[in-house]
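Each chain, written out:
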Amino acid sequence: MSRRPRASPGPDPASGPPTPLTRPEELGPLAQRARDLGRLGIDTEFMGEGRYRTLLCLVQVVLGEGEAATVHLIDPLDASVDPAPMAQVLADPSVEIVMHAARQDVALLRRVWSTEVTALFDTQVAAGFAGLRSQAGYDALLNQLLGVKLSKTASYTRWDSRPLSAEQLRYAGEDVLHLLELASELQRRLAASGRLEWAREECRPLERVSDAREIETVFARLPRIGGLDARTRAVAHELVAWREAAAEAADRPASGILNDNALVEVARRRPSTMRELEQLRGVNAGSLRRRGDDLLAAVSRGRDQPGIPPDGERRPPTEEGDAPLIALSEALVRARALEAGIAYELIAARADLQEMVVAHRLAAGEADVRTLRGWRRELVGAELLDLLDGRRALSVDRARRVRTTAATRPGSTN
């Protein structure tokens, strides 16, 4: 497909003056203009190192494209800034919100601005439906689709320090300037291929992402937690709750209080004295001095809790005979992805195909995997079920394309 002629790129932030920070009184009119246009692009700069929760440091907004593009930088660390007008726009389903690799940005904005994000269009997700890499970087897409190169001079500077430098302000402006133009080009390509609504469907789950650290989720992800007995699991659960509270109070990463492996070992050993605790590997000496008594108290509380048995049954394992069917399924998915110009990773992971094959072998009904839902089922999911059930067979035509044809079941007289 030929490249669309680029619209005028607007001002060159690398050579022009830095984009100024938006004044608090300008947020209301900015929000109204976004509503009038029905669309805005947004990006963030943040700092996560050494903190319990990532700190939102800067919000970049772009309205319009080409010569009409205007960039606005909002400082969430300025106590005089009330983000409510912009937060309401993010939650307005009549305004399209364009981001690139939106997961972290959405989670931050939902938490810090106490808002929802609706009508999201993620250009990284969209690229996967346009025959480009599913995890393509923003600068790579700009270069490939629009011929724009970013300087990326201030990527790893300290965004939490104030005042921001002229270099940081230029970088922040440049980083979002062409976002809406990129989205328009991707939407044009996807509309032409009939994949635009599929891409929009794929963006919907991103609107609900969160960076909250839920105790149950953290507990379930502990190493080897499924193999521990019920009493040990109860102690581990109490230790997770204690660690999260301590990390939040100190605004430090949870692993800096007690790493996962050490937490599980403490739960297994259930020490009752400081001397017993000191014998365990992985327990930081500094943490012992500051929090040893609190840690032992958490162990004691865990001992008094009812045991927590492992949740439900584990997934049935694959068997040796499943491997050819998994490989066959993967071949079909890759063929359909290539034909549709969609990144394979968007359609299925190997784990999805394994679950489908195992569920079919056990006659357990359809596996609960993404490949059998929504647009994926339409593209290849239903065909995969027919293949596994013997109703379809794979073949290769003279053009080396994978095809499925109606299959005759063993023992059929047809």
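Residues numbered from 1 in each chain as written. Predicted model: local features only at pLDDT ≥ 70, side-chain atom pairs only at ≥ 80, totals over all residues. Heavy atoms only, no water.

### Quick word on helix α7 (residues 179-193)
An α-helix turns once every 3.6 residues. As a result, residues three or four positions apart point the same way. For clarity, the cut-off: Strands are runs of DSSP state E lasting at least 2 residues, helices are runs of H or I lasting at least 4, and numbering of each runs from the N terminus. Given the number of residues in a helix, its expected span is that number minus one, multiplied by 1.5 Å. Note on exposure labels: buried denotes an accessible area under 20% of the residue type's maximum, exposed denotes more than 50%, and partly exposed covers the range between, all computed with a 1.4 Å probe on protein chains only.
Between its terminal C-alpha atoms α7 stretches 21 Å, which fits the 21 Å expected from 15 residues at 1.5 Å a residue. The buried fraction of α7 is high, at 11 of 15 residues. Turning to α7, its buried residues are Leu179, Leu180, Glu181, Leu182, Ala183, Ser184, Glu185, Leu186, Gln187, Arg189 and Leu190. Among the residues trailing α7, Gly194 stands out with phi positive, at a value near 75 degrees.

### Digging into the packing of helix α10 (residues 230-250) against helix α12 (residues 260-269)
The following threshold applies: Here an angle of 0 to 180 degrees is reported between the N-to-C directions of two axes, which are lines fitted to C-alpha atoms, with helices fitted over the stretch in contact. Note on angle classes: values under 35 degrees are labelled roughly parallel, values over 145 roughly antiparallel, values of 65 to 115 roughly perpendicular, and the remainder oblique. Helix crossings fall into two classes, left-handed where the near helix is turned counterclockwise from the far one by less than a right angle and right-handed where it is turned clockwise. Note on contacts: a residue pair qualifies if any of its non-hydrogen atoms lie within 4.5 Å across the two residues. For this classification, Asp, Glu, Lys and Arg are treated as charged, while Ala, Val, Leu, Ile, Met, Phe, Trp, Tyr, Cys and Pro are nonpolar and the rest, including Gly, are polar.
Contact pair α10 / α12: the axes reach a minimum separation of 8 Å and the direction vectors enclose 135 degrees. The angle between α10 and α12 places the two elements in the oblique class. Judged by the sense of rotation from one axis to the other, the crossing of α10 with α12 is right-handed. Contacts between α10 and α12 involve Thr232, Val235, Ala236, Leu239, Val240 and Arg243 on the former and, on the latter, Asp260, Leu263, Val266, Ala267 and Arg268. In terms of residue class, the contact of α10 with α12 is built from 7 nonpolar, 1 polar and 3 charged.

### Thoughts on the packing of helix α15 (residues 322-340) against helix α17 (residues 350-361)
At a minimum axis distance of 9 Å, the contact between α15 and α17 shows a crossing angle of 130 degrees. By the angle between their directions, the pair α15 and α17 is classed as oblique. In the packing of α15 onto α17, the handedness of the crossing is right-handed. Mapping the contact onto sequence places Asp322, Leu325, Ile326, Ser329, Glu330 and Val333 in α15 and Arg350, Leu353, Gln354, Val357, Val358 and Arg361 in α17. Across the contact of α15 with α17, the residue classes tally to 6 nonpolar, 2 polar and 4 charged.

### Describing the sheet that holds strand β3 (residues 70-74)
Spelled out, the test is: Note: two strands are recorded as paired if DSSP finds a minimum of 2 bridges between them.
On the basis of which strands lie adjacent, the open sheet formed by 5 strands has the order β3-β2-β1-β4-β5 and mixed pairing. Either end of the sheet is taken by a strand with one partner, and the two such strands are β3 and β5 (120-122). Adjacent strand axes in the sheet meet at a mean angle of 25 degrees, parallel and antiparallel pairs treated alike. By the bridge criterion, 3 bridges tie strand β4 (residues 96-99) to β5 in an arrangement that is parallel. Residue Val98 lies in a different strand from β5, and its bridge partner there is Phe121. Those strands touched by helix α3 (residues 103-112) are β1 (39-47), β2 (55-63), β4 and β5, and its axis lies near 85 degrees from that of β1. Contacting β1, β2, β4 and β5, α7 runs over the sheet at an angle of about 125 degrees to β1.

### Some thoughts on the environment of Met47
Topologically, Met47 is positioned in strand β1. Met47 gets classed as buried once you look at its relative accessible area, which sits at 8%. Taking the C-alpha atoms as reference, Met47 lies 9.4 Å from Tyr156; in sequence the two are 109 residues apart. For Met47, the residues in contact, after removing those within four places along its chain, are Thr54, Leu55, Cys57, Thr157, Arg158, Trp159 and Asp160.

### Observations regarding the pattern of salt bridges
Under the convention used in this document: Throughout this description, the term salt bridge denotes a Lys or Arg side-chain nitrogen within 4 Å of a carboxyl oxygen of Asp or Glu.
In the structure shown here, the tally under the stated rule is 36 salt bridges. Put simply, Arg23 and Glu25 hold a salt bridge, and the shortest N to O gap is 2.9 Å. Classification of Glu25 as exposed rests on a relative accessible area of 54%. Close ionic contact of Arg111 with Asp211 constitutes a salt bridge, the shortest N to O distance being 2.9 Å.

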